[in-house]
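Structural features, examined
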Amino acid sequence: MHKKMKIICLFTLLGVSLPLFARVAEEPYDYRERTRQLAFDPARFFTERNGLDLFISVRYTGDDYGYPVYSIGVRKGCIFSDEGEARKSCGNRLVARMVRSPSGGKVERPRSRGQRLFGALSGKKIADDAGLKNALNEYGLEWFEADLNACAPAIMHLKTAGETKFFPTAPLPDNNAPFDIILHADKIELLFGEYLERVRYYGLPQKDNPGGWADDFAKSLESCWVPATAVVPWNVPNP
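Being a predicted model, the structure only gives us computed values, none of them experimental.

Cut-off values and rules
- Residues numbered from 1 in each chain as written.
- Predicted model: local features only at pLDDT ≥ 70, side-chain atom pairs only at ≥ 80, totals over all residues.
- Heavy atoms only, no water.
- Helix = DSSP H or I, 4+ residues; strand = E, 2+ residues; numbered from the N terminus.
- Buried < 20%, exposed > 50% of the residue type's maximum accessible area, 1.4 Å probe, protein only.
- Contact = heavy atoms within 4.5 Å.
- Areas by Shrake-Rupley, 256 points an atom, 1.4 Å probe, with all protein chains shown as cover.
- Phe/Tyr/Trp six-rings, centres within 6.5 Å; stacked < 30°, edge-to-face > 60°.
- Disulfide = S-S within 2.5 Å.

Across its full length, the protein carries 7 helices and 7 strands. Tracing the protein from N to C terminus, the helices and strands come up as α-α-β-β-α-β-α-α-β-α-β-β-α-β. The proportion of buried residues among the 239 residues of the protein is 41%. Summarising the internal contacts of the protein: among those between residues at least 6 apart in sequence, 68% fall at separations of at least 24. Looking at the protein as shown, the accessible area adds up to about 15,000 Å², and 58% of this sits on carbon and sulfur atoms.

Moving on to the packing of aromatic side chains. According to the stated counting rule, one finds 8 aromatic pairs in the structure shown. The interplanar angle of 75 degrees and the centroid separation of 5.4 Å between the aromatic rings of F45 and W143 together place this pair among those described as edge-to-face. On the criterion of sequence distance, the pair formed by F45 in the loop between helix 2 (31-39) and strand 1 (56-62) and W143 in strand 4 (residues 142-147) is long-range, its members being 98 residues apart. Look at F144 and W225: their rings are 6.4 Å apart centre to centre, the planes differ by 25 degrees, and that puts the pair in the stacked class. Here W225 lies in the loop between helix 7 (210-220) and strand 7 (226-227) and F144 lies in strand 4, a separation of 81 residues in the sequence. Classification of W225 as buried rests on a relative accessible area of 11%. Taken together, the ring pairs in this structure connect Y31, Y65, Y67 and F118 into an aromatic cluster.

This part covers the state of the cysteines. This model, assessed by the stated rule, comprises 1 disulfide. For C151, the disulfide goes to C224, at an S-S distance of 2.1 Å. Because the torsion about its S-S bond is 85 degrees, the bridge between C151 and C224 counts as right-handed. With a gap of 73 residues between them, C151 in the loop between strand 4 and helix 6 (152-158) and C224 in the loop between helix 7 and strand 7 connect regions that are remote in the sequence. One exposure class covers both C151 and C224, and it is buried.

This is the structure:
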């Protein structure tokens, strides 16, 4: 009886454990999340930033699926290569870089850019980071930079940052007031960084909130972008 119980227990363990191990071993490569991490993380935009944290970081994603639309990183200050006169005047320099999924050549919702990108990648049968990097190189993501100090619309918009409200004016809701129901909304993550200070917003890109301010900041840079000469972020070696 004791031996029979041992055999039953052994088959039970094998029956439960082997399929579980198989599922773990066959976990598919998540090219969507790796695209967000490798191509659309502003922290990867400045490999020569000399350890400086980003001054501003913006990420726009579409729908509940987080379709990557664009990401912007702004670095403030000097870098290793600044010498001589450049070293004397680079302290207040502001440089922006952006990765953006290209448009379809027509007026469309912003999320359509990211939907099209993921749709193209889904047909590539990508199994690892190397395959993803090759696919992103072929796809033609937009990779731009801008000197903010020479971009009047962006500088004017930056001056309004202090007026941005990170909290609702009424912290407690009025139960009798009408309210909006918003489904499948696009989202913006905005970060401001200074020495020992971090401010973060994540939510809707609406007028008079930080998300709307961040999207307007991106639009203020539109006439100032030039092709970036730095290494594209998805080809930057992982730390």
